[in-house]
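Secondary and tertiary structure notes
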Amino acid sequence: MKFVFDLDGTICFKGQPVSQKLLRSLENLTAREHEVIFASARPIRDLLPVLHERLHPYTMIGGNGSIIAVNGKIISTMSFRKETLAEIVPLLEMFHISYLIDSEWDYAYTGPADHPILNNLDPLKLADNIELHKLTTVIKILILTSSNMDEVLQRLNKMDIVIHTHGEEGILDISPQGVDKWSGLQKLGIKKGEYIAFGNDANDITMFQHANYSIMIGENTQLKPFATEQLLLNENIETTLVNKLNELGSLDTLYDLRTLQEIK
């Protein structure tokens, strides 16, 4: 079976790498001939620091579906069209926007020097922070602060793009139209109902919608309607996850999973 995992708030917490106990559980899945895939809002560059190097050859979907790496190599990217960027870029100055804008590898950052997002931004110093006009492509835009975020959101909603709002942080997360975690899975040849999904946020909705079985970590009102099962986010979450992975990993097929669902 295929197991697809979001990272932050799902299998790694408070910006820390995936723990040793979860690392062993993920490797146990592959030892049982299951396939493990990571699907995150982070670009591939920022996936690597939170995953042990033994997991680096695993298939990764980054940037909410805009970039895919297999066996440590980027094989596919989806970037904004020039016409779309021509609509977005003028807003940056007009509304005094600070941002994190990612290309395939490098990035442009203009946010506060103490913004929490810096805790997760290129901690291994694998990329360069360069001026926006020097980025060869743009695959993802995070709007961090603005003089009028509501007006910015209204204008963005009229554009041909995908927008996720991270409420607690007040961040707008923007991707090219047609890009989400499900589109990334499709690029890998994965079909509807062929995988089990783990996630915790609104950007996991499309991944949950097309999963055979979906497990939400914690509480998210947008994601909850699409979750088959919910695991409480508390001090025991890693142990709960290990037990759940052992349970699901012992199944051989998705038919066995459906049988388990009927029993429950």
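Keep in mind that what you see is a predicted model, and the values were worked out from it rather than measured.

What follows covers the overall build of the chain. Looking only at helices and strands, the chain features 8 helices and 13 strands. The C-alpha radius of gyration of the chain comes to 18 Å, within 12% of the 18 Å expected for a compact globule of 264 residues. A total of 264 residues make up the chain; the buried ones form 53% of that total. A distance of 3 Å separates the average location of the 24 positive side-chain charges in the chain from that of its 35 negative side-chain charges.

Below, the discussion takes up the packing of aromatic side chains. As enumerated under the stated definition, the model contains 4 aromatic pairs in all. Between phenylalanine 3 and phenylalanine 5, the ring centres sit 6.4 Å apart and the planes meet at 10°, which makes this aromatic pair stacked. Neither phenylalanine 3 nor phenylalanine 5 differs from the other in exposure class; each is buried. Consider the rings of tryptophan 182 and tyrosine 195, whose centres lie 6.3 Å apart with planes at 25°: the pair is stacked. On the criterion of sequence distance, the pair formed by tryptophan 182 in helix α5 (residues 181–187) and tyrosine 195 in strand β11 (residues 195–199) is long-range, its members being 13 residues apart.

A word on the pairing of strand β2 (residues 35–39). Note on strand geometry: in a regular strand, side chains alternate between the two faces of the sheet. A large share of β2 lies buried, amounting to 4 of its 5 residues. Relative to β2, strand β1 (residues 2–5) runs parallel, the two being bridged by 4 bridges. Across the sheet, the residue bridging to phenylalanine 3 is valine 36, located in β2. Running through helix α1 (residues 20–31), the crossover from β1 to the neighbouring parallel element β2 is right-handed. As paired elements, β2 and strand β3 (residues 59–62) share 3 bridges and run parallel to each other. Across the sheet, isoleucine 37 pairs through a bridge with threonine 59, a residue of β3.

Let us now look at unusual backbone geometry. Even without a glycine there, the phi angle at lysine 14 is positive, about 55°. With respect to the helices and strands, lysine 14 occurs in the loop between β1 and α1. Assessed through its relative accessible area of 84%, lysine 14 is described here as exposed. Look at aspartate 122: it is not a glycine, yet its phi comes out positive at around 45°. Residue position: aspartate 122 is located in the loop between β7 (107–109) and β8 (140–145).

Right, let's talk about the nonpolar core for a bit. Membership of the largest hydrophobic core comes to 39 residues, with the highest contact counts inside it found for Phe5, Leu26 and Phe38. Here this core gets 5 residues from one element, more than from any other, and that element is helix α7 (residues 237–249). Once residues within four sequence positions are removed from consideration, leucine 26 is found in contact with Phe5, Ile11, Val18, Val36, Phe38, Leu55, Tyr58 and Leu245. With 21 residues, the next largest nonpolar core counts Phe80, Phe95, Ile97 and Ile141 among its residues.

Conventions used here
- Residues numbered from 1 in each chain as written.
- Predicted model: local features only at pLDDT ≥ 70, side-chain atom pairs only at ≥ 80, totals over all residues.
- Heavy atoms only, no water.
- Helix = DSSP H or I, 4+ residues; strand = E, 2+ residues; numbered from the N terminus.
- Rg over C-alpha atoms; globule rule 2.2 N^0.38 Å.
- Buried < 20%, exposed > 50% of the residue type's maximum accessible area, 1.4 Å probe, protein only.
- Lys, Arg positive; Asp, Glu negative; His and termini not counted.
- Charge placed at Lys NZ, Arg CZ, Asp CG, Glu CD.
- Phe/Tyr/Trp six-rings, centres within 6.5 Å; stacked < 30°, edge-to-face > 60°.
- Pairing = 2+ DSSP bridges.
- Right-handed = clockwise from strand over helix to strand, strands pointing away.
- Core = buried A, V, L, I, M, F, W, Y, C linked by side-chain atoms within 4.5 Å.
- Contact = heavy atoms within 4.5 Å.

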